[in-house]
Amino acid sequence: MKPDPHPKGATYDEADLLRRARTVRARAYAPYSHFRVGAVIVTDDGQVFEGVNVENASYRMTTCAEQSAIAGMISAGVRRPIVAVAVVGDGDDPCTPCGACRQTIYEFGPQATVYSSGDAGRPLVTLITDLLPHGFGPKRLSQGQS
Ligand code: THU
């Protein structure tokens, strides 16, 4: 099923989000992979946060663009559900979020629509639940022992 591009409660323009993600991508710090990624997230009340990938000489310390954007949202004191995520990576093909980013998006946007793009062709439009089926999230954890 094709996801609803405008989930209830959100006001955003898909093309605008992708433009913003492509623009912010220029600020990526990616001297090792040379693969720049820009991400934009939208909350259910229309707040927008941007992020880029931030690499490190100790490679595994790298932060992905989606995680930067979400860290920005939390750092700003915002905990609204994320309804949309736009990701634009270098190269022509859609840059779909890595496994770790799927989990991070699911934490704050279990119903989010994800727009993945590169520099050519149409964006790939999915739900986070398509990218992370049967995901483990906060709801499941709340069933633990008290
Ligand atoms: N990267 C992201 O920023 N987001 C993703 O979802 C995929 C990978 C970054 C991490 C690293 O800086 C570069 O892309 C190459 O893996």
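Going by the structure above, here's the rest.
Residues numbered from 1 in each chain as written. Predicted model: local features only at pLDDT ≥ 70, side-chain atom pairs only at ≥ 80, totals over all residues. Heavy atoms only, no water.

Caption draft 1: Spatial organisation of the overall build of the chain. From N to C terminus, the chain includes five helices and five strands. In terms of overall dimensions, the chain is globule-like: its C-alpha atoms have a radius of gyration of 15 Å, near the 15 Å expected for 146 residues. If one aligns the C-alpha atoms of the chain with their principal axes, the spans along those axes are about 45 × 35 × 30 Å. Going through the 146 residues of the chain one by one, you find that 40% of them count as buried. Considering only contacts in the chain between residues 6 or more positions apart, those separated by 24 or more positions represent 62%. Taken as two groups, the 15 positive and 15 negative side-chain charges of the chain have centres that lie 4 Å from each other. (Helix = DSSP H or I, 4+ residues; strand = E, 2+ residues; numbered from the N terminus. Rg over C-alpha atoms; globule rule 2.2 N^0.38 Å. Buried < 20%, exposed > 50% of the residue type's maximum accessible area, 1.4 Å probe, protein only. Contact = heavy atoms within 4.5 Å. Lys, Arg positive; Asp, Glu negative; His and termini not counted. Charge placed at Lys NZ, Arg CZ, Asp CG, Glu CD.)

Caption draft 2: Representation of the packing of aromatic side chains in the model. Under the counting rule described, the total for this entry stands at two aromatic pairs. Aromatic side chains Tyr12 and Tyr115 sit 6.1 Å apart centroid to centroid with 75° between the ring planes, which places their arrangement in the edge-to-face category. With a gap of 103 residues between them, Tyr12 in the segment before α1 (14–25) and Tyr115 in strand β4 (residues 113–117) connect regions that are remote in the sequence. Both residues of the pair, Tyr12 and Tyr115, belong to the buried class. Ring centres of Tyr32 and Tyr59 lie 5.5 Å apart, and the angle between their planes is 40°; on these two criteria the pair is classed as tilted. Of the two residues, Tyr32 sits in the loop between α1 and β1 (37–43) while Tyr59 sits in the loop between β2 (48–52) and α2 (65–75), which places them 27 residues apart along the sequence. (Phe/Tyr/Trp six-rings, centres within 6.5 Å; stacked < 30°, edge-to-face > 60°.)

Caption draft 3: A look at the pairing of β4. The buried count for β4 comes to five of five residues, which makes it a mostly enclosed element. Here β4 shows two buried faces, one formed by Thr113, Tyr115 and Ser117 and the other by Val114 and Ser116. Pairing between strand β3 (residues 82–89) and β4: five bridges, direction parallel. Within the sheet, the bridge partner assigned to Val87 lies in β4 and is Ser116. Note that the unit made of β3, helix α3 (residues 99–108) and β4 has a crossover that is right-handed. With four bridges connecting them, β4 and strand β5 (residues 124–127) associate as antiparallel partners. Bridging across to β5, Ser116 finds its partner in Leu124. (Pairing = 2+ DSSP bridges. Right-handed = clockwise from strand over helix to strand, strands pointing away.)

Caption draft 4: The site of the ligand, seen in detail. Taken together, 13 residues surround the ligand, and among them Asn53, Glu55, Ala65, Glu66 and Cys98 come closest. In the model, an oxygen atom of the ligand is placed 2.9 Å from a nitrogen or oxygen of the Asn53 side chain. Glu66 is positioned such that a nitrogen or oxygen atom in its side chain is 2.7 Å from an oxygen atom of the ligand. Within the complex, the protein chains bury 80% of what would otherwise be the 370 Å² of accessible surface of the ligand. Considering only residue class, the shell around the ligand consists of seven nonpolar, four polar and two charged. (Near = heavy atom within 4 Å. Polar contact = N/O pair within 3.5 Å; in protein donor to acceptor, adjacent residues only side chain to side chain. Areas by Shrake-Rupley, 256 points an atom, 1.4 Å probe, with all protein chains shown as cover. Nonpolar A, V, L, I, M, F, W, Y, C, P; charged D, E, K, R; others polar.)

Caption draft 5: Region of the structure containing α1. With twelve residues, α1 extends 17 Å between its outermost C-alpha atoms, agreeing within 8% with the 16 Å of an ideal straight helix rising 1.5 Å per residue. Among all positions in α1, only Leu17, Leu18, Ala21, Val24 and Arg25 are buried. Down the axis of α1, the smallest arc covering the buried residues is 130°, so these residues share one side. Buried residues along α1 sit against β1, β2, β3 and β4. (Expected span 1.5 Å × (residues − 1). Arc of directions from axis to C-beta.)

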